[in-house]
Amino acid sequence: MTSSHLDLPIDETSRARLAEQGLDLRVVDTSDAAEHTAWSDAVNRGFLGPAAPAEQTEARRAHVQHDRLVGVYDPTAAVPAEPVATTHCWPAELTLPGARTVTSWAISGVTVSQTHRRRGIARALIEAELRTAVSLGLPIAMLTVSESTIYARFGFSPAALARNLTVSTRRVRWTGPEPTGRVHHVTPEQLRDQGHPIVERVRATLPGDVGYAATSNFWLRQIGLGIGDDNAKNLRLVRYDDIAGTPQGFAVYQLVEDEADFSNHTLKLHTLVAATTDAYAGLWRFVLEMDLVATVTAHLRPVDEPLRWMIDDFRAVHVDEVDHLWVRVLDVATSLRSRTYAAPGRVVLRVDDPLGLAAGTFALDVDAAGQATVAVTDDAPDATVTVNALGSLLLGGVSARTLTAAGSVSGDAERLDEMFRSPVEPFLSTWF
Ligand SMILES: CC(=O)SCCNC(=O)CCNC(=O)[C@H](O)C(C)(C)COP(=O)(O)OP(=O)(O)OC[C@H]1O[C@@H](n2cnc3c(N)ncnc32)[C@H](O)[C@@H]1OP(=O)(O)O
């Protein structure tokens, strides 16, 4: 990296563009409680949430000390200290196929006040963050989205999908493996220490997953210890230990009563993380066979979830698929080098990028072990891809044939699929 993300100055191009509108683009000083509070209040309002109590906002400040917060300020606004637009970015580890990780630029907290919308402020902010990531030497930017209509224009594309499941548990008989371990009810404090190492073990091999620290609000909110979590009291936590007593998985859920029929509860499964297939079976079976429950809903589950192959009624599970992790390649050679490939070979890729950040022609040579070397080349391309398509292909979960049909890939899709497809479907297990 050329510089730390905390001391890199604000992007000059976007600063100048917004200054023409009388707006001031700057990095928020997180050591200044009032400045952070004003930024945080703007984010809450931008995402249509309630105002947060002062002590919660102050507690959150500790969690953003290593992040880059940006605000756009309008000196003519009635409350000029409160930004009219925000972003929140930090470097995070993204897993790629082959259990490789690459530090990428996570972009979050993108809001523009309703009073200032549709005059190019979000565009200035996003383009600034892309150039910031390039300045930091980070090859990829990534985000999760509130609406799937916003980010393609900036070169992002869905790279890991997710599923929401609804299971009619009365139709289900378990036909999967007999779990050999044991489920324990645990406290949030127990899971705080025991659960995060399991999350890390899974993340290390799961393309699309993104790392977060054991002290982060991302982790703490999953187990009911997040700041200002009104729902925490409703959460139930279980841990799965293998036959030797080693924790191998956990689940977090809550129960919702049907007031007309006490035997008709819904179990909302918030999280189920399993580092072994035995733990996976043990936790799902526990959830599916709970008395007084007729429906299990599970949000944010992997596309290749084995569950339906472990019960006798495939149609007891209703599946809804959504986009989840969006990826934007900034440095093609480093991105392509940062993963392994399913088949050896050579492919010359031309990458088209309207923003000009990643455009070029690159020769990808993969050896018998799946390791890549990448070089800029003048050779004729075997395939041409948009930068959006490259982001989707990079994680291995979207086929080049599909993207050819969609018009974002042309050329030798068959060879791209042989090389790029991942045996594990990419999945991001959190929101950010
Ligand atoms: C990673 C994240 O944080 S995801 C969260 C995104 N934020 C939200 O959903 C909060 C509520 N919405 C907002 O705060 C704002 O409406 C934003 C951030 C979505 C857009 O901000 P604006 O400043 O109005 O966008 P801006 O004027 O820069 O528009 C940029 C482009 O995106 C388009 N665009 C903006 N918002 C939307 C939208 N909601 N849906 C589709 N297109 C959109 C514009 O038409 C424009 O297109 P063009 O440049 O190709 O002609």
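Since the structure is predicted, the reported quantities are computational estimates derived from the model, not experimental observations. (Residues numbered from 1 in each chain as written. Predicted model: local features only at pLDDT ≥ 70, side-chain atom pairs only at ≥ 80, totals over all residues. Heavy atoms only, no water.)

### Some words on the side chain of Asp 209
Okay, step 1: Here Asp 209 is to be found in the loop between helix H5 (188-203) and helix H6 (217-222).
Okay, step 2: Those residues in contact with Asp 209 that sit more than four places away from it in its chain are Glu 93, Leu 94, Thr 95, Arg 203, Phe 427, Leu 428 and Ser 429. (Helix = DSSP H or I, 4+ residues; strand = E, 2+ residues; numbered from the N terminus. Contact = heavy atoms within 4.5 Å.)

### A short note on the sheet that holds strand S12 (residues 317-329)
Okay, step 1: In spatial order, the strands read S1-S2-S3-S4-S5-S12-S6-S11-S10-S9-S8-S7; together these twelve strands make up an open sheet with mixed pairing. The open sheet is flanked by strand S1 (24-27) and strand S7 (182-185), the only strands paired with a single partner. When the angles between neighbouring strand axes are averaged without regard to direction, this sheet yields 25 degrees.
Okay, step 2: Contacts from helix H7 (residues 277-288) reach strand S6 (157-168), S7, strand S8 (236-241), strand S9 (247-256), strand S10 (265-274) and strand S11 (293-301), with the element oriented near 170 degrees to S10.
Okay, step 3: Contacts between helix H9 (residues 387-394) and the sheet are confined to strand S3 (85-96), strand S5 (140-143), S6 and S12, with S12 contributing the most and set at about 120 degrees to the helix. (Pairing = 2+ DSSP bridges. Axes fitted to C-alpha atoms, helices over the stretch in contact; angles between N-to-C directions.)

### Quick look at the sheet that holds strand S16 (residues 383-386)
Whenever strands of a sheet pair, they do so through backbone hydrogen bonds, lying parallel or antiparallel.
Okay, step 1: In space, the five strands of this open sheet follow the order S15-S14-S13-S16-S17, with mixed pairing throughout. The outermost strands of the open sheet, each flanked by one partner alone, are strand S15 (372-376) and strand S17 (409-411). Going from strand to strand, the sheet's axes swing by 25 degrees on average, the running direction of each strand aside.
Okay, step 2: Sheet topology places strand S13 (residues 345-352) next to S16; four bridges connect them, and they run parallel. Within S16, the residue paired with Val 351 across the bridge is Val 385.
Okay, step 3: Those strands touched by H9 are S13, S16 and S17, and its axis lies near 100 degrees from that of S16.
Okay, step 4: Running over the sheet, helix H11 (residues 413-420) touches S13, strand S14 (360-366), S16 and S17 and is turned about 110 degrees from S13.

### Notes on the UniProt feature "binding site: acetyl-CoA" (unreviewed entry) in the protein chain
Okay, step 1: UniProt's entry tags Val 110, Thr 111, Val 112, Arg 118, Arg 119, Gly 120, Ile 121, Ala 122, Arg 123, Ser 146 and Glu 147 with the feature "binding site: acetyl-CoA" (unreviewed entry), counted in the numbering of this structure.
Okay, step 2: Relative to the helices and strands, Arg 119 resides in the loop between strand S4 (100-112) and helix H4 (121-135).
Okay, step 3: Among the polar contacts made by the side chain of Arg 119, one reaches the main-chain carbonyl oxygen of Thr 115 at a distance of 3.2 Å.
Okay, step 4: Looking at the secondary structure, you find Arg 123 in helix H4.
Okay, step 5: Given a relative accessible area of 33%, Arg 123 falls into the partly exposed group.
Okay, step 6: Apart from residues lying up to four places away in sequence, Arg 123 is in contact with Arg 17, Arg 153 and Phe 154. (UniProt positions renumbered as here; feature names shortened; annotations may be inferred. Polar contact = N/O pair within 3.5 Å; in protein donor to acceptor, adjacent residues only side chain to side chain. Buried < 20%, exposed > 50% of the residue type's maximum accessible area, 1.4 Å probe, protein only.)

### Thoughts on the packing of aromatic side chains
Okay, step 1: Under the defined criterion, the tally for this structure stands at nine aromatic pairs.
Okay, step 2: Pairing Tyr 212 with Phe 218 gives two aromatic rings, centres 6.1 Å apart and planes at 40 degrees, and the pair type is tilted.
Okay, step 3: When its relative accessible area of 9% is taken as the criterion, Tyr 212 is described as buried.
Okay, step 4: Through a chain of ring-to-ring contacts, the aromatic side chains of Trp 90, Tyr 212, Phe 218 and Phe 432 assemble into a single cluster.
Okay, step 5: Of note, Arg 26 hangs over the ring of Tyr 73, and the distance from its end group to the ring centre comes to 3.8 Å.
Okay, step 6: In this structure, Arg 339 is placed above the aromatic ring of Tyr 341, and the distance from its NZ or CZ to the ring centre is 4.4 Å. (Phe/Tyr/Trp six-rings, centres within 6.5 Å; stacked < 30°, edge-to-face > 60°. Lys NZ or Arg CZ within 6 Å of the ring centre and 35° of its normal.)

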